[in-house]
Number of protein chains: 2
Amino acid sequence: MNTNKSAPEPTIARIALYLRCLRIAKQDGATTLSSADIEKRTGISSGQVRKDLSFFGEFGKPGLGYAVDELAQRLARIMRLDHPQEIMIVGAGNLGSALAGYTGFTESDFHLVAIYDNNFSKIGRRVWDLDILDIEQMEELNAKMGVQIGMIATPARVAQEVADRMVRSGVRVVLNFSPTRVVVPKGVIVRNVDLTQELQILCYYLPAGDQQEDAFTTISSDAAKNIEDETE
Amino acid sequence: MNTNKSAPEPTIARIALYLRCLRIAKQDGATTLSSADIEKRTGISSGQVRKDLSFFGEFGKPGLGYAVDELAQRLARIMRLDHPQEIMIVGAGNLGSALAGYTGFTESDFHLVAIYDNNFSKIGRRVWDLDILDIEQMEELNAKMGVQIGMIATPARVAQEVADRMVRSGVRVVLNFSPTRVVVPKGVIVRNVDLTQELQILCYYLPAGDQQEDAFTTISSDAAKNIEDETE
DNA sequence: CATTGTTTGTACAATATTTCACAATCTCTA
DNA sequence: TAGAGATTGTGAAATATTGTACAAACAATG
């Protein structure tokens, strides 16, 4: 074990993956899983798996592996995922609404309890099963709700003030989908999910040499049918 | 300069951020920017900025800094972002539709040219300004379109076969939003955007000790109004 | 219950990435 | 055009992360 220094962030990210892997393995009927089995399922090397787990204790039995159920429970507790977590979203536009309806969150025991916007034409409207709330009321409302996890799905220009308001409202960790940096007080954590950046990174790894035409070729369903006809 | 070894991935990710920073700086009227200025805007240390840039050449003038316009152009070329890039999406559900309408892509000169689904009740319907295409036709259609960037916005259980089809269709880089690992041949690059994982990582950093109640407090607009009345 | 075969946990080695510091280079002003 | 001030590019040091290998611990089997 190595409880001295806190686990590196990449380890935490992988633990989340192990947890998912374990839950799937359980559904598959597996009761025990070796680090080599986890490698097969996740692509993360068995040595890495063992080292990651060793940051938090000794979970396995030599010669056998890890008890799926037990390890899942213990990892869930470490990650604070052993009970439902409440989240809020700010921004009820295109992306915010999609996030509000994302079933992946629900399946992983996240519970969306509020969605805010500043646009009067949106406030009061329903998104999935929630009313869109007035962002001006966040401080008051969250004094009762106590949500600690916030997601920013607004345009970049208002992201900072949204983050400020979240922090004032008691939010402790923020997932920022807006393409801008937000500054928060020490103790509050921000992670950025920058969709454009992800695409841009991929572009760099695009094979060189094939200069793309600037004329786009957009094909509609009907045209598609034609092509199919032509080729069959 | 250091053209021997290829730039590390974290450097590539930051270059994308510098590029965004430069474009904003240009709009602000800046013609020149020092690495210290970039630090102020991005939060990335000036030394890191200089080292990152040094992987690709010498762009700055001692005593002055970097010419905004020129650096932006050169970085754009390095990142293959100096001309529009075509993308496709598979999965026209909740998330896929939101991605299709995400203005951030368009603003950064990405051009969505096709969205596919396998659900007959969706195929042919319109999402934003595109018809939803039958995924069965991807190989044929993309033979003409030549899209090299694909985004997977499907349930996990079909992600692998979608990735396989993309690769057969000529896609070279993949942005995978489904919560599962997809395996692709050498030479094809996959990046994962795992929304649930991001939330789970944040949970780990949640302050300890405050065990949340499992009873949710969801507040509707009307209740919200009441609270406001009470407190004002 | 001894022996063979697995698998863990971890020390150590190897890479990868970031930070630091400073000589070299350029600007700017008088 | 000389001197003061600013900023770059980059080695070298410091951290951080990953890979490797193996002794110790346990299972399983006959």
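Residues numbered from 1 in each chain as written. Chains lettered and ligands numbered in written order. Predicted model: local features only at pLDDT ≥ 70, side-chain atom pairs only at ≥ 80, totals over all residues.

This part takes up the overall build of chain A. Each helix and strand in chain A was counted, giving ten helices and ten strands. In chain A, buried positions account for 39% of the 232 residues. Within chain A, counting contacts between residues at least 6 apart in sequence, those at least 24 apart form 55% of the total. (Helix = DSSP H or I, 4+ residues; strand = E, 2+ residues; numbered from the N terminus. Buried ≥ 20, exposed ≤ 12 C-beta atoms within 10 Å, placed from the backbone. Contact = placed C-beta atoms within 7 Å.)

Take the protein's contact with DNA strand D next. Residues in close proximity to DNA strand D total 30 residues, the closest being Pro 8, Gly 47 and Gly 63 of chain A together with Gly 60 and Pro 62 of chain B. The leading source of residues in the surface near DNA strand D is helix H3 (residues 46-54) of chain B, at six residues. Partitioning the surface near DNA strand D into residue classes produces eleven nonpolar, 13 polar and six charged. (Near = placed C-beta within 6 Å. Nonpolar A, V, L, I, M, F, W, Y, C, P; charged D, E, K, R; others polar.)

Low pLDDT means the predicted coordinates in that region are not meant to be read closely. Chain-level statistics for chain A give a pLDDT mean of 89 and a share of 88% at 70 or above. Confidence over residues 210-232 of chain A falls short of pLDDT 50; this stretch has 27 contacts with residues more than four positions distant or in other chains. (pLDDT = per-residue confidence, 0-100.)

For the rest of this paragraph, the subject is the protein's contact with DNA strand C. Surrounding DNA strand C, one finds 30 residues, the nearest of these being Gly 60 and Gly 63 of chain A together with Pro 8, Pro 62 and Gly 63 of chain B. For the surface near DNA strand C, the secondary-structure elements that each account for two or more residues are helix H2 (35-42), helix H3 (46-54) and strand E3 (65-67) of chain A together with helix H1 (9-27) and H3 of chain B. Considering each element in turn, the surface near DNA strand C owes the most residues, six residues, to H3 of chain A.

Next up on the list: the interface of chain B and chain A. Across the boundary between the two partners, chain B contributes 70 residues, which contact 70 residues of chain A. Of all the elements, helix H9 (residues 195-204) of chain B adds the most residues to the side of chain B that touches chain A, at ten residues. Taken together, the residues that form the side of chain B that touches chain A break down as 37 nonpolar, 21 polar and twelve charged.

A few words now on the environment of Leu 22 of chain A. Residues and elements named next belong to chain A. Structurally, the position occupied by Leu 22 is in helix H1 (residues 9-27). In this structure Leu 22 comes out as buried when scored by C-beta crowding, with 24 C-beta atoms within 10 Å. The spacing of Leu 22 and Asp 109 is 87 residues in sequence and 15 Å in space, taken between C-alpha atoms. What Leu 22 contacts, discounting residues up to four positions off in sequence, is Leu 33, Val 68, Leu 71 and Ala 72.

A word on the sheet that holds E3 of chain A. Pairing in this open sheet of three strands is antiparallel, and the strands run E1-E3-E2 (chain A) from one edge to the other. Looking at the sheet topology across the chains shown, the edges are occupied by strand E1 (32-33) and strand E2 (60-61) of chain A. (Pairing = 2+ DSSP bridges.)

Here we come to the relation of the copies chain B and chain A. In screw terms, the move from chain B to chain A is a rotation of 180° and a rise of 0.0 Å along the axis, fitting with an RMSD of 0.0 Å. Both copies are brought into coincidence by an operation consistent with a two-fold rotation axis. Looking at the rotation axis and the C-alpha trace of chain B, the residue lying nearest is Ala 98 of chain B, at 3.0 Å. Interface residue correspondence from chain B to chain A reaches 100%, placing this contact among same-surface, isologous pairings. (Least-squares fit on C-alpha atoms with pLDDT ≥ 70 in both.)

Glancing now at the pairing of strand E7 (residues 130-134) of chain A. Residue and element names in this part refer to chain A. Most of E7 sits out of view: four of its five residues are buried. Across three bridges, the pairing between strand E5 (residues 110-117) and E7 is parallel. Residue pairing for E7: Tyr 116 is matched across the bridge by Leu 133. With two bridges connecting them, strand E6 (residues 126-127) and E7 associate as antiparallel partners. Each residue of the ladder has a partner; that of Arg 126, found in E7, is Asp 131.

Residues and elements named next belong to chain A. Positive phi, close to 55°, is recorded for Trp 128, a residue that is not glycine. Within the secondary structure, Trp 128 sits in the loop between E6 and E7. On the neighbour-count criterion, Trp 128 (11 C-beta atoms within 10 Å) is exposed.

Residues and elements named next belong to chain B. Three or more residues of helix H4 (residues 68-78) are buried, namely Val 68, Leu 71, Ala 72 and Leu 75. Down the axis of H4, the smallest arc covering the buried residues is 100°, so these residues share one side. Considering only its buried residues, H4 is in contact with H1, strand E1 (32-33) and strand E3 (65-67). Just beyond H4, the residue with positive phi is Arg 80, at close to 60°. (Arc of directions from axis to C-beta.)

Residue and element names in this part refer to chain A. With respect to the element layout, Gly 91 can be found in the loop between strand E4 (85-90) and helix H5 (94-100). The exposure class assigned to Gly 91 is buried, which follows from the 28 C-beta atoms found within 10 Å. What Gly 91 contacts, discounting residues up to four positions off in sequence, is Gly 96, Asp 117, Ile 152, Ala 153 and Thr 154.

Bringing helix H9 (residues 195-204) of chain A into the picture now. A large share of H9 of chain A lies buried, amounting to seven of its ten residues. Regarding H9 of chain A, the residues found buried are Leu 195, Gln 197, Leu 199, Gln 200, Ile 201, Leu 202 and Cys 203 of chain A.

Moving on, we get to the packing of H1 of chain A against H2 of chain A. Residue and element names in this part refer to chain A. Where H1 contacts H2, the two axes come as close as 10 Å, and the packing angle between them is 95°. Between H1 and H2, the crossing angle belongs to the class labelled roughly perpendicular. Judged by residue contacts, Leu 17, Tyr 18, Cys 21 and Ala 25 of H1 engage Ile 38, Arg 41 and Thr 42 from H2. Residues belonging to the contact of H1 with H2 are distributed by class as follows: five nonpolar, one polar and one charged. (Axes fitted to C-alpha atoms, helices over the stretch in contact; angles between N-to-C directions. Parallel < 35°, antiparallel > 145°, perpendicular 65-115°, else oblique.)

Moving on, we get to the environment of Leu 112 of chain A. All names here are of chain A. Summarising the element assignment, Leu 112 is placed in strand E5. Note on Leu 112: 24 C-beta atoms within 10 Å, which makes it buried. Measuring from C-alpha to C-alpha, the distance between Leu 112 and Ala 100 comes to 7.0 Å, with twelve residues separating the pair along the chain. Apart from residues no more than four positions distant in its own chain, Leu 112 is found in contact with Ile 87, Ile 89, Ala 100, Phe 105 and Leu 130.

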